Amino acid sequence: MYESQKPQASGSDKCESHAQQWARGEIMGSAQNWARYLSDMPANKMTPIDVAEEALRVLCPLGIQVQVREREWAAAQRMEAFLAVARGSCEPPVLLDCSYEAAGGSKAPVLLAAKGVTFDCGGLCLKRPDEMRENRGSMAGAAVVLAALKAVAHLKVPINIRAVIPLCENLISGQCMKVGDVVRALNGTTIQIEDTDMEGRLMLADALVYGQAAYRPSLVVDVATLTHGVLLATGGGAFGCFGRGEGAWRALQAAGAAAGDRPWRLPLWDYFQGQLVDDPSVDLRNKGSGTATPCLGAAFLKNFVCGEWLHLDVTGVGKLAHAVAPPYLHRRRMSGRPTRTLAYFLDRLSHSQQETKA
């Protein structure tokens, strides 16, 4: 299904002229800059509704269908985990449902899901002020997915993609979720909220279940600034990757080599699952009893995914540049990474699918 992990920009590079490669690079750079813009804007200027409007403005003219689902729709679907996060803010939550079809309607799509918290104070488990300053970019996963869709559409990549992106703020109010609350995810799983600052996995749980039930994807990829532990582990030099499926991991490695990003694979052992299910009163805990926070976050999401899956934890890479960065990245500005890696990955995947079909 996947091509080898040679560090090429795409399956079509050998046939491209220098002018075509330049044009491709310009498209990729423009997409990453849009992701930087989305995640770098002040939180009062890039609310969930603002992100939705940006998606409609930029993606619809490229032939991508964008549906904006409002709170009432999410409530009717019983997305309790997502709406629990959104309760603390006066800004209305929305869920973006994007569709790009360029490989024929009968071909199973790739499902992209992303965390879209446009400001994250941590809820009742309040972050420190210096951490909050960066967390206008807690929707970097959403920005990366939207920007990768933009690049794929400009390049006319022959692939089917569905993107499901929950957007909200995680704030404090008399209505916000509390430590000890229990919510039921869309698949019926009961979740105890032990840490309100671990909200991204709650949102993604509902998004992943909805996307798989609605679109029956061939592959699931989620992108999120999920845990601070990835930054501590890599110093911002790489983003964490977890998943099921060796082929998908090798394709992501090759795409990262082409884009200049470093995906680093971390374990997804049953050991971590055991640290999330050791309370007989609920099915899952959103924090767990261990200290390997990136692995626990991935183990949590694994409960909401069937089939082949990649989880990209881009904290330390997708927001501010915490490692030595290329000259075009300012240390106080959002990076927009790994937009190009995801776009290259989808491009590679389309060529692999065509080769398999042939």
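Only a predicted model underlies this, so the values are computations on that prediction, with no experimental measurement involved.

Engineer: Could you give me a rundown of the overall build of the protein chain, with the residues and numbers involved?
Structural biologist: Within the protein chain, the regular secondary structure consists of 12 helices and 12 strands. Against the 2.2 N^0.38 benchmark of 21 Å for 358 residues, the protein chain shows a C-alpha radius of gyration of 19 Å, consistent with a compact globule. When the 358 residues of the protein chain are sorted by exposure, 60% land in the buried category. The contacts in the protein chain between residues at least 6 apart in sequence include a share of 77% that link residues at least 24 apart. With an accessible surface of roughly 14,300 Å², the protein chain has 53% of that area assigned to carbon and sulfur atoms.

Engineer: So what's going on with the confidence of the model for the protein chain? Which residues, and what values?
Structural biologist: For the protein chain, per-residue confidence averages 93 on the pLDDT scale, and 93% of positions sit at 70 or higher. Segment residues 1-11: pLDDT under 50, and 39 contacts once partners within four positions in sequence are set aside and those in other chains are kept.

Engineer: How would you explain unusual backbone geometry if you had to name every residue and give the values?
Structural biologist: Cis geometry marks the peptide bond from R337 to P338; its omega dihedral reads 0°. Within the element layout of this structure, P338 appears in the loop between β12 (309-313) and α12 (339-357). One non-glycine residue with positive phi stands out, namely R78, at about 70°. Tracing the backbone shows R78 in the loop between α3 (71-77) and α4 (80-86). Given the relative accessible area of 64%, R78 is considered exposed. At K156, a residue that is not glycine, the phi angle is positive and equals roughly 55°. Counting through the fold element by element, K156 comes out in the loop between α6 (140-155) and β5 (160-170).

Engineer: With reference to specific residues and values, describe a nonpolar patch on the surface.
Structural biologist: Together, L124, L126 and I172 give the surface a local cluster of nonpolar side chains, amounting to about 270 Å² of exposed area. Its place among the elements puts L126 in the loop between β4 (116-120) and α5 (129-134).

Engineer: Residues and numbers for the environment of H322, please.
Structural biologist: Locating H322 in the fold gives a position in the loop between β12 and α12. As a C-alpha pair, H322 and G235 span 87 residues in sequence and 6.6 Å in three-dimensional space. Non-local contacts of H322, meaning those with residues more than four positions away in its chain, are made with E134, L231, G235, G236 and G316.

Engineer: Please provide a residue-by-residue account of the sheet that holds strand β11 (residues 284-285), values included.
Structural biologist: Read from one edge of the open sheet, 3 strands run β6-β7-β11, paired in mixed fashion. Each edge of the sheet is formed by a strand with only one pairing partner; in this case those strands are β6 (182-184) and β11. Pairing analysis gives 2 bridges linking strand β7 (residues 190-192) to β11, with the strands arranged parallel. Looking across to β11, one finds that Q192 is bridged to R285.

Engineer: Would you mind going over the pattern of salt bridges in detail, with residue names and values included?
Structural biologist: The tally for this structure, following the rule as stated, stands at 18 salt bridges. Across the pair E194 and R285 runs a salt bridge, and its minimum N-O distance is 2.6 Å. One end of the pair, E194, is in the loop between β7 and α7 (200-215); the other, R285, is in strand β11, with 91 residues separating them in the sequence. Take R285: its relative accessible area is 12%, and that puts it in the buried class. When the shortest N-O distance is used, the salt bridge between R337 and D261 registers 2.7 Å. A residue pair is termed long-range when its members are at least 10 positions apart, and R337 in the loop between β12 and α12 and D261 in the loop between α9 (246-259) and β10 (263-265) qualify at 76 residues. In this structure, R337 and D261 share a single accessibility class: buried.

Engineer: Tell me about the nonpolar core, and name the residues and values.
Structural biologist: Judged by nonpolar contacts, the single largest core of 59 residues is most densely connected at L146, V221, L342 and F345. A total of 11 residues in this core trace back to one element, the largest contributor, which is α6. In this view, L342 contacts L112, V144, V145, A148, V221 and V223; residues no more than four positions away in its chain are not counted. In this structure, M203, A224, F300 and L301 belong to the second largest nonpolar core, which totals 46 residues.

Engineer: An account of the pairing of strand β9 (residues 239-244) is needed here, citing residue identities and associated values.
Structural biologist: Burial within β9 is extensive, with 5 of its 6 residues counted as buried. Bridge count for β9 against β10 is 3 bridges, and the pairing is parallel. In the sheet register, C241 faces β10, and the bridge partner there is R265. Handedness of the crossover joining β9 and β10 through α9: right-handed.

Engineer: Can you explain the pairing of strand β8 (residues 219-224)? Please cite residues and give values.
Structural biologist: In terms of burial, β8 is a largely internal element, 6 of the 6 residues being buried. Both faces of β8 are covered, namely the face carrying L219, V221 and V223 and the face carrying V220, D222 and A224. Two elements, strand β3 (residues 110-114) and β8, share 5 bridges in a ladder whose sense is parallel. When the sheet's bridge partners are listed, A114 is paired in β8 with V223.

Parameters at a glance
- Residues numbered from 1 in each chain as written.
- Predicted model: local features only at pLDDT ≥ 70, side-chain atom pairs only at ≥ 80, totals over all residues.
- Heavy atoms only, no water.
- Helix = DSSP H or I, 4+ residues; strand = E, 2+ residues; numbered from the N terminus.
- Rg over C-alpha atoms; globule rule 2.2 N^0.38 Å.
- Buried < 20%, exposed > 50% of the residue type's maximum accessible area, 1.4 Å probe, protein only.
- Contact = heavy atoms within 4.5 Å.
- Areas by Shrake-Rupley, 256 points an atom, 1.4 Å probe, with all protein chains shown as cover.
- pLDDT = per-residue confidence, 0-100.
- Patch = residues over 30% accessible without salt bridge, like charges linked within 9 Å, V, L, I, M, F, W, Y side chains within 5 Å.
- Salt bridge = Lys/Arg side-chain N within 4 Å of Asp/Glu carboxyl O.
- Pairing = 2+ DSSP bridges.
- Core = buried A, V, L, I, M, F, W, Y, C linked by side-chain atoms within 4.5 Å.
- Right-handed = clockwise from strand over helix to strand, strands pointing away.

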